[in-house]
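Now for the letters of each chain:
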Amino acid sequence: MASPSQNGSDPPQPVRIAGTGSYVPDRIMTNRELEDLVETSDDWITSRTGIRERRIAAEGELTSHMAAAAARRALEQAGVKGDEVELIIVATITPDTITPATACYVQQELGALRAVAFDVSAACSGFLYALEIARHAIAAGAFRNAVIVGAEKLSAFVNWTDRNTCVLFGDGAGAAVLLPSEDHHGRILSSHLGTDGAQAELLNIPGGGAACPITPDNVEKRLATLAMQGREVFKHAVNAMRRASETAMEKAGLTTGEIALVIPHQANLRIIDAIAERLNLPAEKVFVNLDKYGNTSAAAVAIALDEANRSGRIRTGDRILLVAFGAGLTWASAVVEW
Ligand code: COA
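Quick summary incoming for the structure in this document. Numbering of residues starts from 1 in every chain and runs along the sequence as written. Totals for whole chains, interfaces and linings use all residues, but because this is a predicted model, local features are given only for residues with pLDDT of at least 70 and pairs of side-chain atoms are given and counted only at 80 or more. Side-chain figures throughout are based on the complete set of non-hydrogen atoms in the structure, without hydrogens or water.

### Looking at the side chain of Asp318
We count it as follows: Secondary structure is summarised from DSSP: a helix means a run of H or I of at least four residues, a strand means a run of E of at least two, and numbering begins at the N terminus for each. Partly exposed residues are those whose accessible area sits between 20% and 50% of the maximum for their type, while under 20% is buried and over 50% is exposed, using a 1.4 Å probe and protein chains only. This count recognises Lys and Arg as positive and Asp and Glu as negative, with His and chain-terminal groups excluded. The rule for a salt bridge is simple: a side-chain nitrogen of Lys or Arg has to be within 4 Å of a carboxyl oxygen of Asp or Glu. Any pair of nitrogen or oxygen atoms within 3.5 Å is treated as a polar contact; in protein, a donor-acceptor pairing is required on top of that, and neighbouring residues in sequence qualify only through side-chain atoms on both sides.
Its location among the elements puts Asp318 in the loop between α11 (299–310) and β12 (319–326). Look at Asp318: it is buried, it has no salt bridge, and the nearest opposite charge is Arg315 at 4.7 Å. Looking at Asp318, its side chain comes within polar contact range of the main-chain nitrogen of Arg315, at 2.8 Å.

### Re the nonpolar core
For the record, the criterion: Nine residue types can take part in a nonpolar core, namely buried Ala, Val, Leu, Ile, Met, Phe, Trp, Tyr and Cys, and a core is a set of them joined through side-chain atoms within 4.5 Å. For this analysis, residues touch if any pair of their heavy atoms sits within 4.5 Å.
Judged by nonpolar contacts, the single largest core of 45 residues is most densely connected at Met241, Ile259, Ile271, Leu321, Phe325 and Val335. Looking at this core element by element, the count peaks at nine residues for helix α8 (residues 230–252). Discounting residues that sit within four places of it in the chain, Ile271 has contacts with Phe234, Ala237, Val238 and Met241. Residues Leu131, Ala134, Leu193 and Ala308 belong to the second largest nonpolar core, which totals 38 residues.

### Comments concerning the pairing of strand β11 (residues 261–264)
Operational definition: Pairs of strands are assigned from DSSP output, requiring at least two bridges between the strands.
Burial along β11 is two-sided: the face carrying Leu261 and Ile263 and the face carrying Val262 and Pro264 are both buried. Where β11 lies against β12, four bridges are found, and the strand directions are parallel. What sits directly across from Val262, in β12, is Leu321.

### Section: α8
Applicable threshold: How far a helix is expected to stretch is found by multiplying one less than its residue total by 1.5 Å.
Between its first and last C-alpha atoms α8 spans 32 Å; for 23 residues at 1.5 Å apiece the expected length is 33 Å, and the two agree. Within the sequence span of α8, burial applies to Val233, Phe234, His236, Ala237, Val238, Ala240, Met241, Arg242, Ala244, Ser245, Ala248 and Met249. Along its buried surface, α8 packs onto β8 (187–195), β9 (203–204), β10 (227–228), α9 (269–279), β12 and β13 (330–337). Remark: Gly253 follows α8 within two positions and exhibits a positive phi of approximately 70°.

### Considerations on the pattern of salt bridges
Two side chains of opposite charge can pair, provided their charged atoms sit close to one another. Across all of its chains, the model carries 14 salt bridges by this definition. The partner of Glu132 in a salt bridge is Arg135, with the nearest N and O atoms 3.1 Å apart. Taken together, the residues Glu132 and Arg135, both in helix α5 (residues 126–139) and three residues apart, mark about one turn of the helix. Under the relative-accessibility criterion, Glu132 is labelled buried at 6%. Judged by relative accessible area, which is 3%, Arg135 ranks as buried.

Written out as structure tokens, the structure reads:
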């Protein structure tokens, strides 16, 4: 994989994560229910992926609604009011509409009428791409705060007749509020982003854009749903997340032993185990919740971060590593001192 020329340089003004939030829909879809839809089994899904169930949004429940719910919780924890928000970035590949950006709907829902709002499309790495953009924007003095959100309604873009993909994905949202850092708590120590567009075909939604517009024929062929070469993606995911983890730790001047918790993208337990093994990380230092939610793409790291934060898995002073990988291909990592 080509390495990007330059990214993730440290901004002069430190930036911290001041609050986290998440939201998942009430509806739980178990592996057993999928047995009625496609030729699969609870045993296959659990043993090959680690996923036991996922959340499915209600019909009228959109990515923007989930994003706003997660953002509200993050804002409350950070003590920032909706009308004080200056920047909203929503990372998603399942926007409510092609245009305007889902972040615009979130702005309205939050009453954040002074905020600049836009989306980032970097698939499962999107939340960490948003983190990097927002921290540089705050460090540069362009904004005093930011709400970053990873939110997905993947159930609307899954081919429910394809067992290779439909068992993997779920819906949900996670958010974080970023502020300039007056002390060390929650400070982002380092980050790293990368992209390899040469592998774009491995994981995509081929239809619905200008290249393959929505027509009755294209809909019939289910071209506006997720398509993936799972085995290839698996290999790239392990290599890219291992390298991205090492780069972020190196930039932060830390070794694996100094990391209290790793929060990886939640796609497949076998991918997470392979990365942990390569990085020499004991299982108790790796946060996993994909058994409950499946792969929620841009939302996955954000939901996991919020759960780790609120459950006390992260303590003040802990150094945590966030790492993600997704379609693009894209990858991203960050080290945060809590
Ligand atoms: N139930 C039962 N059998 C299934 C199945 C399912 N849901 N999905 C695939 N299979 C079958 C395949 O058809 C294949 O059968 P065959 O040997 O008769 O051809 C067999 O299981 C093995 O398929 P393979 O694709 O090699 O399985 P795998 O071990 O690679 O696991 C994934 C498949 C998708 C779980 C795995 O490749 C993966 O997790 N890839 C990365 C996914 C990912 O991370 N995506 C998002 C990136 S952000």
